[in-house]
Amino acid sequence: MTLALFLVDALPAAAAFTLDGPEGRHAAAVRRLRVGEELLVSDGRGAVARCAVAAAGRDSLDLTVVDRWTEPRPAPRVVVAQALAKGDRGELAVELATEAGADAVVPWRAARCVTKWDDGPRGEKALSRWRSTAREAAKQARRPWVPEVADPVGLPGLITLVGESSATLVLEAHMSTPLTEVALPETGDLVLVVGPEGGLADHEIAALEAAGARSVRLGPSVLRTSTAAAVALGALGALTERWR
């Protein structure tokens, strides 16, 4: 069985340390890890330690480091520009994309988004849910890299992101060019643009393509906004060196 992964702000350099706080409580009280069992501890930025439980408390574990290493970030780095979605579909999109290997998520306010994040407390709360979802999904997937969830952007911010990337793919079901026929970069940022349920507006596609993006389709099916990024990431895993 794959060892459970727990996240800390910084991985201690010592050969032994105590896992406490929410992660320690989860490991001791929920997962009920006991003396002699092993687990993984990561800082969410690639550093990982395989540890053995030396002592188990009510809400903490004393750990001995068995091994430690740093996992390299996959290349190319995939950034998912995910349109805001109504209900819990946005969080589902973040969860699935994280499990499928997204390296960063950028919420974007597409023209046809039903959900509108304001710049006040409600918007901050929604953004916090996305970030929490990414963290928990990374733990579930045993990922030592937790995707950064950036502040939301509009079309101008997304165009800036396109200009800074090695390549940008706009996922649209009605496009004629399949993803499998597009040359993909080996390094740098590869941006995946996922539109809302109603699709991207014509002026958005035109602006993104003028900035250097390429519009593609994934396959014969029309996917929900919550699943498109995960499906694309699976394809990219096979088409690039990310899974190797």
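Before reading further, recall that the structure is shown in the block above.
Residues numbered from 1 in each chain as written. Predicted model: local features only at pLDDT ≥ 70, side-chain atom pairs only at ≥ 80, totals over all residues. Heavy atoms only, no water.

Asks: Provide a residue-level description of the sheet that holds strand S4 (residues 47–56), including the pertinent values.
Replies: The strand order S1-S3-S4-S5-S2 describes an open sheet built from five strands, whose pairing is mixed. Pairing within the sheet leaves two strands with one partner each, and these edge strands are strand S1 (5–7) and strand S2 (16–19). Neighbour-to-neighbour, the strand axes of this sheet turn through a mean angle of 40 degrees, independent of strand direction. Pairing between S1 and strand S3 (residues 38–42): three bridges, direction parallel. Paired with Phe-6 across the strands is Val-41, a residue of S3. Most of the contacts of helix H1 (residues 21–30) go to S1, to which it runs at about 155 degrees, and overall it touches S1, S2 and strand S5 (61–70). (Pairing = 2+ DSSP bridges. Helix = DSSP H or I, 4+ residues; strand = E, 2+ residues; numbered from the N terminus. Axes fitted to C-alpha atoms, helices over the stretch in contact; angles between N-to-C directions. Contact = heavy atoms within 4.5 Å.)

Asks: Tell me what's going on with the side chain of Glu-23, and back it up with residues and numbers.
Replies: Its place among the elements puts Glu-23 in helix H1. What Glu-23 contacts, discounting residues up to four positions off in sequence, is Phe-6, Leu-7, Arg-135 and Lys-139.

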